[in-house]
Amino acid sequence: MEPLPKRRKGMDEGVDSWEVHPILSDEQSHDIKLVEAFAAPIINKKETSRLLKDLATTYPLPGLQHIKRVRARKSDKHPHPLEVVICLVDGAPEVKDSKEVSLTTLLPSESFNSSGLGEPFTVKIPAHPSLTRPQFEQASVHWPTTFHEDKQVTAALRGQLFTAAQKAKMHKYMMTAIRAAKAGQEQGMVPVGAVMVDPASDQILATAHDCARGTHPLLHAVMVCIDLVAHGQGGGAYDFDPFPACQFTVPDRQPVEGSSDSVAPGSTQEQRGEPYLCTGYDLYVTREPCIMCAMSLLHSRIGRVFYGTTTRDGALGTRYKIHTQKELNHHFEVYRGVTQHLCEDLAEEPH
Ligand SMILES: [Zn+2]
């Protein structure tokens, strides 16, 4: 086998040299958890629907609505083609040794007509519904489950969420962020760059680099970028004149139907057709944001974040997944890997 060609360093790497990876929540990316249950073969198929009805009453299996109660056994090794979940091992009465359980302990004959059922055995079944197709495929090996597929997540996991044309745009935006990072570096700053884009208009609203060694120690590239977006909306707290690569554009206003120039005083930004902070915007940043920057993006109601390379204390995938926290009131999509190698090359020091 020939050795892989050495990766060329520089700006000539194309769209095909990187892939976009979604950063999913822990629940979506974990391996499935299994729980032990008792099941039994159905030896008289004619009893199947009655048994299912009676079992649903005796052992309703709360929290396991994703479990299909019956599974088909197609292989020759299994003389009985159908098997049914009776109950969880934890939910079974008076079971001391799960290996020596009998039908009558699980389903006392005075209250349950178990004719048609064979001797019980233990089986591992998925404890939670599957959130992604890989989880569903993993779960199906153990016991059949229902699956409400999120097509977008499946496409994202297969790297098919974005078209070649969309990837070309991402490449272009990240190259702008990389150029900003390099311009900052030339002024003695940490080489991190960020670009805010309105995907509705393909307009770059702000281009920023880290200014922490200049204006203020907390002015990471993302913070600068958010402040520049605010400048474009008539706000902004800092003066970035000493850093010509940090720029903003006033967003094109989408005229809102029925609106007029004489806006009544007291109307909100949104009523005037202006964006609220970063709502619906995409951020491209050369490396994974820290927790402060990730929280600022959350407070700004960012739409999506694309970053090139991970960081050791990163808050959008590595150390935390701020964008997926259930307790927080805003969630957003995060993807890593855009022009990954070029972003890795920016690393000035180990991080
Ligand atoms: Zn930061």
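Relevant structure appears above.
A brief look at the structure comes next. (Residues numbered from 1 in each chain as written. Predicted model: local features only at pLDDT ≥ 70, side-chain atom pairs only at ≥ 80, totals over all residues. Heavy atoms only, no water.)

With respect to the coordination of the zinc ion
- Of the protein atoms, only His220 (ND1), Cys290 (SG) and Cys293 (SG) coordinate the zinc ion, at distances of 2.0 to 2.3 Å.
- Mapping the donors of the zinc ion onto the primary sequence yields the spacing H-x69-C-x2-C.
- Residue class for Cys290 comes out partly exposed when judged on its relative accessible area of 23%. (Donors = N, O, S within 2.8 Å, 3.2 Å for Na, K, Ca; no water. Buried < 20%, exposed > 50% of the residue type's maximum accessible area, 1.4 Å probe, protein only.)

Structural notes on the packing of aromatic side chains
- Inspection of the entire model under this criterion finds 7 aromatic pairs.
- When the centroid spacing of 6.3 Å and the interplanar angle of 45 degrees are considered together, the rings of Tyr238 and Phe240 count as tilted.
- Ring geometry for Tyr284 against Phe306: centres 4.8 Å apart, planes inclined by 10 degrees, an arrangement best described as stacked. Remark: Phe306 occurs in strand S10 (residues 304–309) and Tyr284 occurs in strand S9 (residues 282–287); sequence separation between them is 22 residues. For the pair Tyr284 and Phe306, a shared accessibility class is recorded, and that class is buried.
- Each member of the aromatic cluster is reached from another via a ring pair, and the members are Phe162, Tyr173, Tyr284, Phe306 and Tyr335.
- Over the ring of Trp18 we find Lys167, and its NZ or CZ is 4.4 Å from the ring centre. (Phe/Tyr/Trp six-rings, centres within 6.5 Å; stacked < 30°, edge-to-face > 60°. Helix = DSSP H or I, 4+ residues; strand = E, 2+ residues; numbered from the N terminus. Lys NZ or Arg CZ within 6 Å of the ring centre and 35° of its normal.)

Description of the pattern of salt bridges
- Overall, the coordinates contain 12 salt bridges when judged by the stated rule.
- For Glu83, the salt bridge is made with Arg71, and the minimal N-O distance between the two is 2.9 Å. Residue Glu83 is found in strand S4 (residues 82–88), and its partner Arg71 is found in strand S3 (residues 70–72); the two are separated by 12 residues along the sequence.
- When salt bridges that share partners are traced, they join Glu47, Arg50 and Asp54 into one network. (Salt bridge = Lys/Arg side-chain N within 4 Å of Asp/Glu carboxyl O.)

Section: the environment of Lys151
- Structurally, Lys151 can be placed in helix H5 (residues 151–157).
- Sequence separation between Lys151 and Thr132 is 19 residues, and the spatial gap between their C-alpha atoms is 9.0 Å.

Considerations on unusual backbone geometry
- Phi at Asp202 takes a positive value of approximately 55 degrees, unusual for a residue other than glycine.
- Judged by its relative accessible area of 35%, Asp202 is partly exposed.
- Located in the positive-phi region is Thr339, a residue other than glycine, with phi close to 45 degrees.
- One can find Thr339 in the loop between strand S11 (333–336) and helix H9 (340–346).

Observations concerning the environment of Asn113
- Topologically, Asn113 is positioned in the loop between helix H3 (103–106) and strand S5 (121–126).
- For Asn113 and Arg50, which are 63 residues apart along the polypeptide, the C-alpha to C-alpha distance reads 9.5 Å.
- In this structure the side chain of Asn113 is engaged in a polar contact, spanning 3.1 Å, whose partner is the backbone nitrogen of Ser115. (Polar contact = N/O pair within 3.5 Å; in protein donor to acceptor, adjacent residues only side chain to side chain.)

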